[in-house]
Every structure is written in C-alpha cells, then in structure tokens.
Amino acid sequence: MRTTVSGLLSLPVFQKECTLLAGEEGLGNAVRYVTVMEAPDFNIRSLTDNVFVLTTLSSHSASVDEINKVVTELCRQNVSAIGIKLGRFIDAVNPSTIDIANQYRTPIFTLTRNVLFREIISDILSVIVLEQQSTINELNELDEQLLQTILHNDSIERILSLLTAKLRCYCCCLDHRRATLATHASIAAKPDQDVLDRLLRDSIKKETERYIADQEHYLFPCIAHGQVVGYLLVYMEQPIFKNELLLINQVVSFLAIKFLEEHLRIETEQRMTGAILDEILLVSHADEAIIADKLQLLGVSPKERHIVMVLSSRNEKNMLRANSYLDHWQNWLRSKFDQFVVFIKGTDFVVLISYAERRSLDFAKLAQQMRETLPGSMRERLDVGFSLPVDDLRKLPECYSQAKRAVSYGRTAGEGNHIYPYAKFVEMGLVSRGMISSDGEAIREKIVRPIQSYDEHYNAKLWSTLETCLLAESLDMASKELAIHISTLRYRLQKITQLTDINFFTSKGRFLLHLAYILFKADSQ
C-alpha cells in the first residue's frame, strides 16, 4: 500500500550502487517522490514531505559545517532519505553528519561515483507508479466488495473488516449519538479514549464535513442528506498516507449509505407520526375522545394538562444537522415526563407534552435546559416558543398556533434569550388578530403612518422616542436612554400629539399609542 525506503532496498540499483550509512530507524519512511538537489539556489523549504533527495553536495561542499547545515534543513523538511554521491565533490561523509541523520531518523545512503541519478530516479518512480496502480486496483476491488455488502445487507462490522484487510488499523463505527455500533482491527493496539473523546467534542464544535485528526487518530463524519449520520474512527500506528485516505473515504461513503437506510426508516416513522399529529394539531374535533385515541396511537396517554412547544432554527442547515439530536432530546424529555411526543415538521421540531395537573412546572426553565443540550453554535440559532397550558385536548390546535406565534413575536420584538412563552405576547396576539380589520387599518392611518412619515421627512426620531417612552418606567429614564434632555423628550411627545391628535399624557392616549406600537410590531413580523 505504501512505498517506503526499506522497500527500495531490494531494487538492483540500490543493492549494487548504494550503501546505507545512517538513519536506519527511518527505513520505514514513506517515499512519494524523488528529486535532485544540485542547483545553488535549490529551495529546500519548497520540498513536501516524503521526498527522496539525491545530491553530490556540489553547492555545499566547501566545509563540513555547510554540509551539516543543509543536511539538517533537509531532515527538518521530513525528506524520506538522502542519497549522496561520493567521489565528485566529497569523498566521505563526516561522522557529525551521520549523527545529525541518526538524530532525525533520516536515512543517508552513499552512492558510487559511476551510478547515474537517472537510473535511481527511474527505478524509484517505477515503484511509485506500480504502487499507485496497485492502489487503483485495490480501490476497484474494495468498491466491488462494498457494493456486495450493501446488496446483501451485510453488517457494519463486515464493512469494517474489508478496510482492516487492506490497512493495518483499528476501526470503530459510531452512530450520530456517538454510540459504538461495531469495531474491527488488524492491529493489537487500541485507540486512546481521551483522544477519541476530544475528537468527538471537536467534531461538534467545528461542524465540519472533513475528517479531523489527533495523534494518529482520525475521525471521519458520514454525511447523508447534508447531515452527519454517523462516524468512522480509524487509528493507525503511523501517519496516514494519501492512498490509504482514498480507501478510507470509500468505506465512509458506503457507511453513509448504510446509515441512510436507518435514517430513512426513522424518517418514515416520523412521517407517520407527523400525519397523526397534523390531525391533532391542525384539525378541529368536537369530541375529545377522538383526539385521545389518536394520541394513544403515538404512545401518549393524555393527562390533565397539555402544552405545545416549537423549536425553530434561524438557520435551516443547522436544523438539518439537529435531526441527529432527535433521540437525544427524546431521552432528555423522557427523564422529565411520562407522556410526550416529539416530531419534525419542516425545519422545526414540535413537542407535545401531557402532564398531571398537580405538577407545578416552569416551562421557560425547561425550555432553556432543552436548548442547552445542543452544541453552542446551534444553540445560539435555536428559538423555543411554547403555548399556554390547557386542560382540553380540543384546544391543542390553538396551542400549536400559539407556540409558533410566540417564536415569531419573540423574534420580531428582538427578545434575546431565545425562550418565548406565548403568555409574554398575549397582547401582541390579540392585536394581530385585528390586523386586517377596519379598526386595525384606522390605527395605522391615524397614528403609525403620520409619525413615520414625519420621521422620514425630518429625521425627527419621533417613533423611536415613542417606543422608548412606552417601554421605560419613567420619562426621566427614557430621556437618559435616548441621551436627550427631558424638555426635548416632552417636545417630541407634543409633536406626536399634533400629528395624531393623541395625547401621550392621558391614560386613553397612552393606551392607544401602545396599541399602535404593538400593531406596528405585529406588522413587522
């Protein structure tokens, strides 16, 4: 699978013309390419890892110190090995140079005077090309084997065994909840659990579709439908090679197909659950018993009180990724409630909870705890709205509507804590129901539009002043928040009275202005 320095020793040119002088511990170094270093301006730092370097040291033979300097630079660039031709510019390799090579575990070969670099280059490249052709053949063979495992519905362990037959490694397959599904190994060594835990934590934080690595531990996400459906952990006793990476990625792709089968099964169950819940949450029923029967089909035995929650992401891609946390949320809810159901509706998650009347519950606190089960990046994009509790199953459609509107109102109002109880937006909900009525249009025409039109023409900031005054505990606090004098504040409120004939300083006027503000916020959603 990989060309190494030791693998080149069997070549005739190495046996006849080359002598290993130093760096024996590096004979396992990989060889990906071969080059000649002769030009005075040769850029050592441009070398990639695992290059076999041939040289006469023509540009560096002035002193041992200069030779040692260039050998050290080559070693630090992780070259595979160094071949030095003797009899041209140097006749022997100094012991101090040998010490450097041994220190960096970089093999140094001495080459006979008459050997041609092109002979060595040709033989090394032939081995590399054969290895690449071998990789292609192995990829084709593995592809056929993997296809058969899918067609025959073989186990995940069988898929892992195909990889360990090609690579010396330890493999572990994890589901989206990080639970181990199968393992297989062709080496005795086991991965470090601390390193594995760190990789799993990093995979959540980085949300990457690429593999991540730590100390020869490699974690590959299995992606299907744009979301992580599982993981493949590969542990090797040496750094991974590009051709080996191709084989692993091939296995990862087939594992994703295997995971997709399970994902589709869960998705089908969710569709069935969603269809039943649509009848409960979107259709009016005169008889509670019909609703109770439908809940029983979902494994929910109705209690005295009921509430609906909506978990809505501000980023659809992140919500797709959140699908993998469905089981996690279900397990969390199971620790709090006996009777509940969670299902996916569009890009939202809907939770219906039924509980005993005697329980005193703080659903805002519970919603916050539920958000905290998610990784930070997604938690910051997730909003939770929940309805008022009811004791009549026939009111569940209204509960669902309340939970959705709570999220909408909370976002419109700019609430920053991501937890939106409908009870906090009841007045906005009442106004929104009258938005299309003649009364709602009259408020817009009499109050909202004149103020905003005046602001647009004169930049008077009347609307923002009104908003601050309505939300502040006093005019003094409002003036401080606006950073204006109290007399300026009163002048602006008087200007609003001139424009609308509504006096902020009367209880009726303040009520109408507050109503107009709520109507404006509801219009803005």
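Source: prediction; values computed, not measured.

Participant: Just checking my understanding: could you explain the overall build of the chain for this structure?
Facilitator: Within the chain, the regular secondary structure consists of 20 helices and 15 strands. By the compact-globule yardstick of 24 Å for 525 residues, the chain is too spread out, its C-alpha radius of gyration being 36 Å. Taken along the three principal axes of its C-alpha coordinates, the chain extends 105 × 65 × 35 Å. The 525 residues of the chain split such that 49% are buried. The contacts in the chain between residues at least 6 apart in sequence include a share of 65% that link residues at least 24 apart. Counting only carbon and sulfur atoms, one obtains 49% of the accessible surface of the chain, whose full area is about 26,200 Å².

Participant: Where do I start with the nonpolar core in this structure?
Facilitator: Among soluble globular proteins, nonpolar side chains are generally buried collectively. Membership of the largest hydrophobic core comes to 32 residues, with the highest contact counts inside it found for Leu-163, Leu-232, Val-234, Ile-248 and Leu-255. Sorting the residues of this core by element identifies helix 5 (117-151), helix 6 (156-166), strand 6 (170-175), strand 9 (217-224), strand 10 (227-235) and helix 8 (242-281) as the ones contributing at least two each. Looking at which element gives the most residues to this core, the answer is helix 8, with 9 residues. Those residues within four positions of Leu-232 in sequence are excluded, and the remaining contacts are Leu-160, Leu-163, Cys-171, Cys-172, Tyr-218, Leu-219, Phe-220, Cys-222, Ile-248, Val-251, Val-252 and Leu-255. Of all hydrophobic cores here, the second largest spans 24 residues; its members include Val-342, Leu-374, Val-384 and Phe-386.

Participant: Looking at this model, I keep getting lost on the packing of helix 8 against helix 9 (residues 288-297). Mind explaining?
Facilitator: Remark: helix 8 packs on helix 9, axes separated minimally by 10 Å, with the N-to-C direction vectors making an angle of 160 degrees. With respect to each other, helix 8 and helix 9 are oriented roughly antiparallel. Where helix 8 crosses over helix 9, the two elements pack in a sense that is left-handed. On the side of helix 8, the interface is formed by Ile-276, Glu-279 and Ile-280, while helix 9 contributes Ile-291, Lys-294, Leu-295 and Leu-297. Tallied by class, residues from the contact of helix 8 with helix 9 come to 5 nonpolar, no polar and 2 charged.

Participant: I'm lost on the sheet that holds strand 4 (residues 81-85) in this one. Help?
Facilitator: In a beta sheet, neighbouring strands pair by backbone hydrogen bonds and run either parallel or antiparallel. Ordered in space as 1-5-4-3-2, the 5 strands form an open sheet in which the pairing is mixed. For this open sheet the edge positions go to strand 1 (18-22) and strand 2 (33-36), each flanked by a neighbour on one side alone. Adjacent strand axes in the sheet meet at a mean angle of 25 degrees when their direction is disregarded. Here 4 bridges tie strand 4 to strand 5 (residues 108-111), and the two strands are oriented parallel to one another. When the bridges of strand 5 are listed, Ile-84 appears paired with Thr-110.

Participant: Honestly, the pattern of salt bridges in this entry has me stumped. Any pointers?
Facilitator: Two side chains carrying opposite charge are able to pair once their charged atoms lie near each other. Scanning all chains against the criterion turns up 9 salt bridges. For Arg-198, the salt bridge is made with Asp-214, and the minimal N-O distance between the two is 2.8 Å. Of the two residues, Arg-198 sits in helix 7 (residues 193-206) while Asp-214 sits in strand 8 (residues 212-214), which places them 16 residues apart along the sequence. Between Glu-279 and Lys-294 there is a salt bridge, with the nearest N and O atoms lying 2.5 Å from each other. Residue Glu-279 is located in helix 8, and its partner Lys-294 is located in helix 9; the two are separated by 15 residues in the primary sequence. Relative accessible area serves as the criterion here: at 34%, Glu-279 is assigned to the partly exposed category.

Participant: Any chance you could explain the packing of helix 5 against helix 8 here in plain terms?
Facilitator: The geometry of a pair of packed helices is captured by two quantities: the angle between their axes and the separation between those axes. Where helix 5 contacts helix 8, the axes come no closer than 10 Å and their chain directions differ by 10 degrees. With respect to helix 8, the axis of helix 5 lies roughly parallel. Once helix 5 is placed against helix 8, the crossing between them reads as right-handed. Note on element contacts: helix 8 touches helix 5 through Asn-243, Leu-246, Leu-247, Gln-250, Val-251, Phe-254, Ile-257, Lys-258 and Glu-261, opposite Glu-131, Thr-135, Glu-138, Leu-139, Leu-142, Asp-143, Leu-146, Leu-147 and Ile-150. Of the residues contributing to the contact of helix 5 with helix 8, the split by class is 10 nonpolar, 3 polar and 5 charged.

Participant: I keep staring at the pairing of strand 6 and nothing clicks. Help me out?
Facilitator: As a general feature of sheets, a regular strand has side chains that alternate between the two faces. Taking burial as the measure, the 6 residues of strand 6 include 6 buried ones, the bulk of the element. The pairing of strand 6 with strand 7 (residues 180-185) spans 5 bridges and is antiparallel. By the bridge assignment for strand 7, Cys-171 is matched with His-184. As defined by bridge partners, strand 6 adjoins strand 10 across 6 bridges and the pair is classed as antiparallel. Paired with Cys-173 across the bridge in strand 10 is Leu-232.

Participant: Teacher, can you tell me more about the environment of Ser-474 here?
Facilitator: Among the structural elements, Ser-474 can be located in the loop between helix 17 (462-471) and helix 18 (475-482). Within polar-contact distance, the side chain of Ser-474 engages the backbone nitrogen of Met-477 at 3.2 Å.

Participant: Would you mind going over helix 17 with me for this structure?
Facilitator: Helical geometry: 3.6 residues make up each α-helical turn, so side chains three or four residues apart lie on a common side. The buried fraction of helix 17 amounts to 7 of the 10 residues, a majority that puts the element mostly inside the structure. Of all the residues in helix 17, the buried ones are Leu-462, Trp-463, Thr-465, Leu-466, Thr-468, Cys-469 and Leu-470.

Participant: Would you mind showing me how to read the confidence of the model for the chain here?
Facilitator: The predicted coordinates should not be examined in detail at positions where pLDDT is low. Confidence along the chain averages 86 in pLDDT terms, with 92% of residues attaining 70 or more. Mean pLDDT across the elements of the chain ranges from a minimum in helix 10 (residues 316-322), with 46, to a maximum in strand 5, with 96. When the criterion is pLDDT under 50, residues 317-322 qualifies, and its contacts beyond four places in sequence or with other chains add up to 23 contacts.

Cut-off values and rules
Residues numbered from 1 in each chain as written. Predicted model: local features only at pLDDT ≥ 70, side-chain atom pairs only at ≥ 80, totals over all residues. Heavy atoms only, no water. Helix = DSSP H or I, 4+ residues; strand = E, 2+ residues; numbered from the N terminus. Rg over C-alpha atoms; globule rule 2.2 N^0.38 Å. Buried < 20%, exposed > 50% of the residue type's maximum accessible area, 1.4 Å probe, protein only. Contact = heavy atoms within 4.5 Å. Areas by Shrake-Rupley, 256 points an atom, 1.4 Å probe, with all protein chains shown as cover. Core = buried A, V, L, I, M, F, W, Y, C linked by side-chain atoms within 4.5 Å. Axes fitted to C-alpha atoms, helices over the stretch in contact; angles between N-to-C directions. Parallel < 35°, antiparallel > 145°, perpendicular 65-115°, else oblique. Left-handed = near helix turned anticlockwise from the far one by under 90°. Nonpolar A, V, L, I, M, F, W, Y, C, P; charged D, E, K, R; others polar. Pairing = 2+ DSSP bridges. Salt bridge = Lys/Arg side-chain N within 4 Å of Asp/Glu carboxyl O. Polar contact = N/O pair within 3.5 Å; in protein donor to acceptor, adjacent residues only side chain to side chain. pLDDT = per-residue confidence, 0-100.

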